[in-house]
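A closer look at the structure
Okay, here's what each chain looks like letter by letter:
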Amino acid sequence: MTHFDKPAVFARAAAILRDNDRGAYTIPTKGLYPFQWNWDSCLTALGLRHFDEARAWLEIETLMAHQWPDGMVPHIVFHVPDDGYFPGPDVWRTGRPVPTSGITQPPVLGFVLHRLFEEASDRALAEEKARALLPKADAWHRWFYTMRDPAGEGLVAIIHPWESGRDNAVDWDGALTAVPSDGVVPYVRRDIGHVNAGQRPHKAEYDRYIKLVQIFRDLAWDNARLHDASPFRVVDPGFNAILIRSDEDLADLAATLGEPAIEAAARKRLALSRAALERLWSESHSQYVAFDRVAGRPVDSASVGGLLPVLAGVEASRMQALARRIRAWTEVARFGVPSHDPSDPRFEPKRYWRGPIWLIVNYLLADGLRRAGFEEDAILVDANSLALISEGGFAEYYDPLSGEGLGGGAFTWTAAMVAELITIARDDS
Ligand code: DGY
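Model, not experiment: these values are computed from the prediction.

**Some remarks on the overall build of the protein**
Scanning the protein from N- to C-terminus turns up 17 helices and nine strands. Taking 429 residues into account, the globule formula puts the C-alpha radius of gyration at 22 Å, and the protein, at 20 Å, falls close to it. Each principal axis of the C-alpha distribution contributes one length, and for the protein these read about 55 × 50 × 45 Å. Looking at the protein as a whole, 64% of its 429 residues qualify as buried. In the form shown here, the protein has an accessible surface area of approximately 15100 Å², with 53% of it arising from carbon and sulfur atoms. Here the protein contributes 46 positively and 59 negatively charged side chains, and the mean placements of these two sets differ by 3 Å.

Here it is as structure tokens:
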């Protein structure tokens, strides 16, 4: 590993978390993302716990205070007005008391709750907080399998690329062609006022992101109708793997807390979803791939979304294959793990989710590898993550070939992951 001063890096991570702290929630970064984002906040809590456990629980409580009555947890909570971001509450118009967006994000909550609980030093506080949050997480999971898997397949669809968290992944290119771009109300993007446009999605994608918001808004954000009405419905293996792992962690937490009904419901969902995930396996890519529910066919795109099932407790031969993929990609892209197969001509090392490395993804991959006994692979992924901090600072994402920091700077979830990694590295040594 590139030599760096661990205490200094840890202190810098703490300073970033402090600086982006808005009291009861943390913004991802100044300027570009001035509100509370769903999976950012959950993963940020993992970093906050190293400095203040009560504050870590509060991060999650604030997010869950804005859960919708139907169980959905929105992807953005607009706590305060800020016109530096588009699309703001006036575009979403979801009618919530505190404005929120109307779509969701990868459900890392169950995974995070379990970890916060297991690692807590203040046991009484952890028990009180986890007990209160558990039914809310369960309601969100039930929402997924009701609203986003109406046929009961065991796999949930995303209805907007932003829900995947991997906004402009190659995975969505084909499915987005089914989304019309006519009738988009003229708008001004704010993201490219903060970040170099070459590191962000194209206008053609943005038009469709906004068109989808308009379509859902016209349906009054009625989740009972949105799935079938959406021209974009894609089953993302990464998203489903995260949900599966969170359901497993939720079940374990429910068992520990003596909540048998929640545990039984989660285990029942798990039996179906684990088996269903196998339908996304691609022999030719030797990894999982997305499935376009509108077109009715698998998506020919080898992205990191198809490697995230390492998190989900897949069988040993699958784990072997995925670990091989991670190693092979890291041989081409020295700072691995890139968000897209670096040997694919569609790989773009600087453009957001079409190639760059994200530390939160590395973290999730390393967790899955470690849990399945691939300790050396996990250590390499962790070491590469820390090397990126030396190379590119606390960036939003990184060029996997050069290590250059890209996107927003002084980034919260990157700092949170560093706090976690430094602790894990200490335990390893
Ligand atoms: C953005 O605005 O880029 C976000 O990723 C959407 O959540």
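**A few points about the side chain of Arg318**
Following the sequence through the fold, Arg318 ends up in helix α14 (residues 316–332). Residue classification places Arg318 among the buried positions, given a relative accessible area of 17%. Those residues in contact with Arg318, other than ones at most four positions away along the chain, are Glu278, Trp281, Glu283 and Tyr288.

**Topic: the site of the ligand**
Around the ligand, the neighbouring residues are Tyr33, Trp37, His75, Tyr85, Trp162, Asp167, Arg200 and Tyr352. In this structure, an oxygen atom belonging to the ligand sits 2.6 Å away from a side-chain N or O atom of Tyr85. At a separation of 2.6 Å, an oxygen atom of the ligand approaches a polar side-chain atom of Asp167. Relative to its unbound accessible surface of 230 Å², the ligand loses 95% to contact with the protein.

**Concerning the nonpolar core**
Most often, soluble globular proteins keep nonpolar side chains buried together rather than apart. Ranked by internal contacts, the top residues of the largest apolar core, which has 146 residues, are Leu43, Trp57, Ile60, Val112, Phe232, Leu365 and Val418. Sorting elements by how many residues they give to this core places helix α6 (residues 123–147) first, with 11 residues. What Phe232 contacts, discounting residues up to four positions off in sequence, is Ile158, Ile159, His160, Pro161, Trp172, Ala175, Leu176, Val179, Leu212 and Val294.

**Focus: the pattern of salt bridges**
Evaluated as defined, the whole model comprises 39 salt bridges. Here Arg267 makes a salt bridge to Asp252, at a shortest N to O gap of 2.9 Å. Separated by 15 residues along the polypeptide, Arg267 in helix α13 (residues 260–277) and Asp252 in helix α12 (residues 237–257) bring together distant segments of the chain. Residue Asp252 is classed as partly exposed on the basis of its relative accessible area of 26%. A salt bridge links Asp382 to Arg370; the nearest nitrogen and oxygen atoms lie 2.9 Å apart. Highlighted residues: Asp382 in helix α16 (residues 375–392) and Arg370 in helix α15 (residues 359–371), separated in sequence by 12 residues.

**Here we look at the sheet that holds strand β6 (residues 291–292)**
The strand order β3-β6-β7 describes an open sheet built from three strands, whose pairing is antiparallel. Either end of the sheet is taken by a strand with one partner, and the two such strands are β3 (234–235) and β7 (297–298). Bridging between β3 and β6 involves two bridges; their strand directions are antiparallel. When the bridges of β6 are listed, Val234 appears paired with Asp292.

**Describing α16**
In this model α16 runs 26 Å from its N-terminal to its C-terminal C-alpha over 18 residues, within 8% of the 26 Å that 1.5 Å per residue would give. Every buried residue of α16 is accounted for by Asp377, Ala378, Val381, Asp382, Ala383, Asn384, Ser385, Leu386, Ala387, Leu388 and Ile389. Taken from the residues just after α16, Gly393 is the one with a positive phi, measuring 75 degrees.

**A few points about the packing of α14 against α15**
At a minimum axis distance of 11 Å, the contact between α14 and α15 shows a crossing angle of 140 degrees. Accordingly, the angle class assigned to the pair α14 and α15 is oblique. In this structure, α14 crosses over α15, and the sense of that crossing is left-handed. Residues Met319, Ala323 and Ile326 of α14 form the contact with α15, whose own contacting residues are Leu365, Gly368 and Leu369. The residue inventory of the contact of α14 with α15, partitioned by class, reads five nonpolar, one polar and no charged.

**Here we look at the packing of aromatic side chains**
Applying the stated criterion to the full structure yields 27 aromatic pairs. Between Trp39 and Trp413 the ring centres are 5.1 Å apart and the planes differ by 90 degrees, which places this aromatic pair in the edge-to-face class. On the criterion of sequence distance, the pair formed by Trp39 in helix α2 (residues 38–48) and Trp413 in helix α17 (residues 412–428) is long-range, its members being 374 residues apart. The exposure class assigned to Trp39 is buried, which follows from its relative accessible area of 4%. For Trp413, a relative accessible area of 4% gives the class buried.

**Focus: the environment of Pro161**
Tracing the sequence through the fold places Pro161 in helix α7 (residues 161–164). By relative accessible area, which is 0% here, Pro161 ends up buried. Pro161 sits 48 residues away from Tyr209 along the chain, and the two C-alpha atoms are 7.3 Å apart. Setting aside chain neighbours within four positions, we find Pro161 in contact with Arg166, Asp167, Trp172, Leu176, Tyr209, Leu212 and Phe232.

**Some details on the environment of Val418**
Tracing the backbone shows Val418 in helix α17. The exposure class assigned to Val418 is buried, which follows from its relative accessible area of 0%. Sequence separation of Val418 and Asp382 is 36 residues, and the distance between their C-alpha atoms is 9.4 Å. Excluding residues within four positions of it along the chain, Val418 makes contact with Val9, Ala13, Leu359, Leu386, Ile389 and Phe394.

**Comments concerning α15**
Relative to the 18 Å expected for 13 residues at 1.5 Å per residue, α15 spans 18 Å between its end C-alpha atoms, a close match to the ideal helical length. Burial runs high along α15: 11 of the 13 residues are buried. Those residues of α15 not exposed but buried are Leu359, Ile360, Val361, Asn362, Tyr363, Leu364, Leu365, Ala366, Asp367, Gly368 and Leu369. Gly373 sits one or two positions beyond α15 and adopts a positive phi of about 95 degrees.

Analysis parameters
Per chain, residues are indexed from 1 in the order of the written sequence. Where totals are concerned, whole chains, interfaces and linings use all residues; where local detail is concerned, this predicted model gives features only for residues with pLDDT of at least 70, and gives and counts side-chain atom pairs only at 80 or more. Only heavy atoms go into the side-chain values, all of them from the structure, while hydrogens and water stay out. Starting at the N terminus, helices and strands are each numbered in turn, a helix being any DSSP run of H or I of at least four residues and a strand any DSSP run of E of at least two. In this setup the radius of gyration rests on C-alpha atoms only. A globule is expected at 2.2 Å times the number of residues raised to 0.38. Burial status follows relative accessibility: with a 1.4 Å probe on protein chains alone, a residue under 20% of its type maximum counts as buried, one over 50% as exposed, and anything between as partly exposed. Calculation of accessible area relied on Shrake-Rupley with a 1.4 Å probe; when residues are assessed, cover is drawn exclusively from the protein chains displayed. Neither His nor the chain ends contribute to the count of charged residues, in which Lys and Arg are positive and Asp and Glu negative. Lys charges are placed at NZ, Arg charges at CZ, Asp charges at CG and Glu charges at CD. Should any heavy atoms of two residues lie within 4.5 Å, those residues are considered in contact. Here a residue is considered near a molecule or strand provided that any single heavy atom belonging to it is located within 4 Å of it. In protein, a polar contact means a hydrogen-donor-capable atom and an acceptor-capable atom, both N or O and within 3.5 Å, with residues adjacent in sequence counting only if both atoms are side-chain atoms; elsewhere, any N or O pair within 3.5 Å suffices. To define a nonpolar core, start from buried Ala, Val, Leu, Ile, Met, Phe, Trp, Tyr and Cys residues and group those joined through side-chain atoms within 4.5 Å. One speaks of a salt bridge when a side-chain nitrogen belonging to Lys or Arg is within 4 Å of a carboxyl oxygen belonging to Asp or Glu. Here, a strand pair is defined by DSSP locating no fewer than two bridges between the strands. Helix span is expected to be 1.5 Å times the residue number reduced by one. Here an axis means a line fitted to C-alpha atoms, over the contact stretch when the element is a helix, while the angle between two N-to-C directions is reported on a 0 to 180 degree scale. Any angle that falls under 35 degrees is termed roughly parallel, while one over 145 is termed roughly antiparallel, one within 65 to 115 roughly perpendicular, and all others oblique. Should the near helix be turned anticlockwise from the far one by less than a right angle, the crossing is left-handed, and should it be turned clockwise, the crossing is right-handed. Classification used: nonpolar for Ala, Val, Leu, Ile, Met, Phe, Trp, Tyr, Cys and Pro, charged for Asp, Glu, Lys and Arg, polar for all others including Gly. Aromatic pairing here means that ring centres of Phe, Tyr or Trp (its six-membered ring) are within 6.5 Å. Orientation follows from the plane angle: under 30 degrees is stacked, over 60 is edge-to-face, and everything else is tilted.

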